[in-house]
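# Structural description and commentary
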2 protein chains.
Amino acid sequence: MSAANRRIVLASRPHGEPSPAHFRLEEGRVPSPGPGEVLLRTRYLSLDPYMRGRMSAAKSYAKPVEIGEVMVGATVSEVAASQHPEFRVGETVLASAGWQDYALSNGAGLRRLDPEAAPVTTALGILGMPGMTAYTGLLQIGRPKPGETVVVAAAAGPVGSLVGQIARLKGARAVGIAGGPEKCAYLTQELGFDAALDHRASDLAGDLARACPQGIDVYFENVGGAVFEAVLPLLNDFARVPVCGLVSGYNLTELPEGPDRTPLLMRSILTRRLHLQGFIVWDFAECEPDFIREVGGWLREGRVRHREDIVDGLENAPDAFVGLLRGANFGKLVVKVG
Amino acid sequence: MSAANRRIVLASRPHGEPSPAHFRLEEGRVPSPGPGEVLLRTRYLSLDPYMRGRMSAAKSYAKPVEIGEVMVGATVSEVAASQHPEFRVGETVLASAGWQDYALSNGAGLRRLDPEAAPVTTALGILGMPGMTAYTGLLQIGRPKPGETVVVAAAAGPVGSLVGQIARLKGARAVGIAGGPEKCAYLTQELGFDAALDHRASDLAGDLARACPQGIDVYFENVGGAVFEAVLPLLNDFARVPVCGLVSGYNLTELPEGPDRTPLLMRSILTRRLHLQGFIVWDFAECEPDFIREVGGWLREGRVRHREDIVDGLENAPDAFVGLLRGANFGKLVVKVG
């Protein structure tokens, strides 16, 4: 066991785009578990866009990380020491240990992982929070019907890639938007999307209209901004828009220039009877058993695929996270910690 | 029977606020019913905000009225002559005869009215399209729970006044926004709203926050603009916003000045998991029997009240309609035609 616990804390709140300077690597002593506690050693740390929200003091659905606190995050951890009756040394668990080598836990919220059943990192991706986000948002709010057109952006990421694949499994057309030709090729050639568009191309609105000749019935929103502007005119009557994320806006420091397009959006909602609904994955916690059974089954049968982007070393988490917000990753971003 | 059929046609499309000059009164011959037809004589014509949309060529959920065509509208009509086996002279029907004295019908869509059961004009208001709009939008999308706070604007109008009263009957708090002290007094003193706010007051946002100390759970949207801006910060997590109308924007000729507040709205939808949904009453046509039974019952029992603003003479319909868009009416606006 290493004698030091490295931990990455929030050094300051970013105004706009975060940089590695907003984080600080500290070293402390490895804590010892008291009665009823376990010591967790982090094996893998998940990096996800929602963490940008935690760096801000703005009110949101979860409280911000305070300055000097360890950054939050889901982890695959190993029980390194235990004074808890239900956990034994050597067991692997899904935890929320954050950006650090070691953490104490009283056992609450830990989920034991079976490394034989699936690679443990899938608990951070396709069989974890991102996968369940795709599954619940698409099926509970988007509700695609056979023959309908589903559009998703950040489509090569862990949420978007599963949204498109589930849409296909439910008989809908899947159109993905991603950054660059390599990701687009992955969507159509490896994941079976019906079409993939590069949002860096010069005419996204035109490309999207051509890719969706019957309009759009479900738009799974996780980026906002220019992509949403291209999508809005194509939404059909009664289209559903699960609002899962707005990554293009997370670093905005002020509202964009006018005119104020809000009346255009509201008029579209009214005349086309659109249904927009924000959600976070835990709003649908009751769906977790269905999710595990259904997506787990598809994964074992090879009917859904996933891709991981693994970065080596806790010290590289800040760089990797900053890149995530720019779309530099290709697949579920995971840091191999120890 | 008058020898002439007066009819009000769309003379030109307004750019911005309509004026009486956008309409033209014409006279023609009273038509004669052929086999299978009835001749309807208009007794009452309903004037409603949706008609502003029909004056525009912009794509919406219904096709526009063409230049030179008779303005559309629901009517209470009397069968003046009949060659239809199911309708007899003297019967009163709910029809869509438009802004004219006489119209032919093949019987499709006519609904016989029983003047003994309820005053016939209620078929244009509380027991008609406006009432059903309130009933379905509030209960199917808004779904207020006991103790929740429901806010509605244009609250002294036929839709808003019923929204608030149904909210109260379902155990929610009802807060109405209306134009001027007389309408506000009507809401609290005659209809039982918990609070009423004058949108012409200088501090609507502050007044609204004080009237909704627990935030807003349902906002029944029928005006948009400044009222929606005041509402948005107060919407609670999981609030529902049935989008029924946007009357404050119907005369907009260009988008308002910047900045573009769309990202603010989308961020609110995401972080507070709001549910916005546009609808028109016929999206919920299957609810009509429930509506007639339930609201009809409340009306007979005196548990809901309504108010009509009756204008005399077809020739006054254009002025009355222009006033409606400015909130000049007080109660359901109906033109007594003949």
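The residue numbers shown here count from 1 along each chain, following its written sequence. Labels follow written order: the first chain is A, the first ligand is 1, and so on. Owing to the predicted nature of the model, reporting of local features is limited to residues with pLDDT of at least 70; listing and counting of side-chain atom pairs is limited to 80 or more, with chain, interface and lining totals taken over all residues. Each side-chain value is derived from all of the structure's non-hydrogen atoms; neither hydrogens nor water enter the calculation.

### Some remarks on the state of the cysteines
Put simply, a disulfide is two cysteine sulfurs that come within 2.5 Å. Summed over the entire model, instances satisfying the criterion amount to zero disulfides over all chains. Cysteine Cys184(A) remains unbridged, with the sulfur of Cys212(A) as its closest cysteine sulfur at 13 Å. Each residue is placed in one exposure class: buried if its accessible area under a 1.4 Å probe, protein chains only, is under 20% of its type's maximum, exposed if it is over 50%, and partly exposed if it falls in between. Owing to a relative accessible area of 10%, Cys184(A) belongs among the buried residues under this scheme. Lacking any disulfide linkage, Cys287(B) is separated from the closest cysteine sulfur, that of Cys244(B), by 14 Å.

### Quick notes on the interface of chain B and chain A
Only heavy atoms enter the contact rule, under which two residues are in contact if any of them lie within 4.5 Å. With 38 residues of chain B at the contact, the number on the chain A side is 38 residues. Between chain B and chain A the total buried area reaches about 3,200 Å² when both faces are included, carbon and sulfur atoms providing 68% of it. Looking at the side of chain B facing chain A, the largest losses of area belong to Asp260(B), Met266(B) and Leu270(B), adding up to 20% of the total buried there. Each reported salt bridge corresponds to a side-chain nitrogen of Lys or Arg within 4 Å of a carboxyl oxygen of Asp or Glu. At the junction of chain B with chain A, the criterion picks out four salt bridges. The closest approach of N and O atoms between Asp283(B) and Arg273(A), which form a salt bridge, is 2.9 Å. We call two N or O atoms a polar contact when they sit within 3.5 Å, provided that within protein one can donate a hydrogen and the other can accept it, with sequence-adjacent residues counted only if both atoms are side-chain atoms. Where chain B packs against chain A, one counts twelve residue pairs in polar contact (both at pLDDT 80 or more). Helix and strand labels come from DSSP, where a helix needs a run of H or I of at least four residues and a strand needs a run of E of at least two; each type is numbered from the N terminus. Listing elements by their share of the side of chain B that touches chain A, those giving two or more residues are strand E12 (235-243), helix H7 (262-271) and strand E13 (275-278) of chain B. Among the elements that line the side of chain B that touches chain A, the one with the most residues is H7(B), at nine residues. By buried area we mean the combined loss of accessible area, with a 1.4 Å probe, across both parts when two parts are placed together.

### Observations regarding the side chain of Ser161(B)
Residue and element names in this part refer to chain B. Secondary-structure assignment places Ser161 in helix H3 (residues 158-169). Taking the relative accessible area as the measure of exposure, Ser161 reaches 5% and is therefore buried. Reaching out from Ser161, the side chain makes a polar contact with the backbone oxygen of Gly157 at a distance of 2.8 Å.

### Some points on the pairing of strand E1 (residues 4-10) of chain A
Every regular strand shows the same layout, with side chains that alternate between the two sheet faces. Residue and element names in this part refer to chain A. Most of E1 is tucked away, with five of its seven residues classed as buried. By the convention used here, strands pair only if DSSP detects at least 2 bridges between them. Of the pairings in the sheet, the one linking E1 to strand E2 (residues 23-29) comprises seven bridges and is antiparallel in character. Opposite Ala4, over in E2, you have Arg29 as the bridge partner.

### Notes on the sheet that holds strand E13 (residues 275-278) of chain A
If you walk across this open sheet you meet the twelve strands as E10(A)-E9(A)-E8(A)-E11(A)-E12(A)-E13(A)-E13(B)-E12(B)-E11(B)-E8(B)-E9(B)-E10(B), and the pairing is mixed. Bordering the open sheet on either side are strand E10 (195-198) of chain A together with strand E10 (195-198) of chain B, each of which pairs with just one other strand. Neighbouring strand axes in the sheet, compared pairwise and without regard to direction, differ in orientation by 15° on average. Here, axes are lines fitted to C-alpha atoms. For helices the fit covers the stretch in contact, and angles between N-to-C directions go from 0 to 180 degrees. Sheet strands in contact with helix H3 (residues 158-169) of chain A are strand E8 (149-153), strand E9 (173-178) and strand E11 (216-220) of chain A, and its direction is about 170° off that of E8(A). Across the sheet, helix H4 (residues 181-190) of chain A lies against E9 and E10 of chain A, angled at about 170° from E10(A), the strand it touches most.

### Focus on the pattern of salt bridges
Residue and element names in this part refer to chain A. Summed over all chains, the structure comprises 43 salt bridges over all chains. For Lys332, the salt bridge identified is with Asp48, shortest N-O distance 3.2 Å. Within this pair, whereas Lys332 is found in strand E15 (residues 332-336), its partner Asp48 is found in the loop between strand E3 (38-46) and helix H1 (51-54), the two being separated by 284 residues in sequence. On the basis of relative accessible area, Lys332 is assigned to the buried category, the value being 3%. Residue classification places Asp48 among the buried residues on the basis of a relative accessible area of 5%. Through salt bridges with shared partners, a single ionic network connects Arg6, Asp101 and Glu315.

### A look at the packing of aromatic side chains
Within a pair of aromatic rings, the relevant descriptors are the distance that separates the centres and the angle that separates the planes. Residue and element names in this part refer to chain B. Each Phe, Tyr or Trp ring (for Trp, its six-membered ring) is paired with any other whose centre lies within 6.5 Å, and the angle between the two planes then decides the class: stacked below 30 degrees, edge-to-face above 60, tilted in between. For the structure on display, the rule yields 16 aromatic pairs over all chains. Plain terms: the ring middles of Tyr135 and Phe291 are 5.6 Å apart, the flat faces sit at 55° to each other, and that makes the pair tilted. Of this pair, Tyr135 sits in helix H2 (residues 129-142) while Phe291 sits in helix H8 (residues 288-300); the two residues are 156 residues apart in sequence, bridging distant segments of the chain. This pair shows no difference in class: Tyr135 is buried, exactly as Phe291 is. Between the aromatic rings of Phe279 and Phe284, the centroid separation amounts to 5.9 Å while the plane-to-plane angle is 50°, which identifies the pairing as tilted.

### Quick notes on the packing of helix H7 (residues 262-271) of chain A against H7(B)
Remark: H7(A) packs on H7(B), axes separated minimally by 8 Å, with the N-to-C direction vectors making an angle of 50°. By the angle between their axes, H7(A) is oblique relative to H7(B). Along the contact surface, H7(A) presents Thr262(A), Leu265(A) and Met266(A), while H7(B) presents Thr262(B), Leu265(B) and Met266(B). Residue classes in the contact of H7(A) with H7(B) are distributed as four nonpolar, two polar and no charged. Should an angle fall under 35 degrees it is taken as roughly parallel, and over 145 as roughly antiparallel, whereas 65 to 115 is taken as roughly perpendicular and any remaining angle as oblique. Basically, the charged four are Asp, Glu, Lys and Arg, the nonpolar ten are Ala, Val, Leu, Ile, Met, Phe, Trp, Tyr, Cys and Pro, and anything else, Gly included, counts as polar.

### Brief notes about helix H9 (residues 317-325) of chain A
Residues and elements named next belong to chain A. Of all the nine residues making up H9, eight are buried; the element is thus mostly covered by neighbouring parts of the structure. All of the buried residues in H9 are Ala317, Pro318, Ala320, Phe321, Val322, Gly323, Leu324 and Leu325. Buried-residue contacts for H9 involve E1, E2, E3, H1, strand E14 (308-312) and E15. Two residues or fewer after H9 comes Gly327, characterised by a positive phi angle close to 80°.

### Here we look at the domain arrangement of chain A
All names here are of chain A. These domain boundaries are the output of an automatic or database domain assignment. Entries for chain A in the domain assignment read domain 1 (4-122 + 306-336) and domain 2 (129-283). In this structure, domain 1 and domain 2 have C-alpha centres spaced 29 Å apart. Contact with domain 1, which involves 17 residues of that partner, is made by twelve residues of domain 2. Summed over both partners, the interface of domain 1 with domain 2 buries about 1,300 Å², with 65% contributed by carbon and sulfur atoms. Seen at the junction of domain 1 and domain 2, the total is zero salt bridges. The tally of links from domain 1 across to domain 2 stands at three residue pairs in polar contact (both at pLDDT 80 or more). Taken together, the residues that form the side of domain 1 that touches domain 2 break down as six nonpolar, six polar and five charged.

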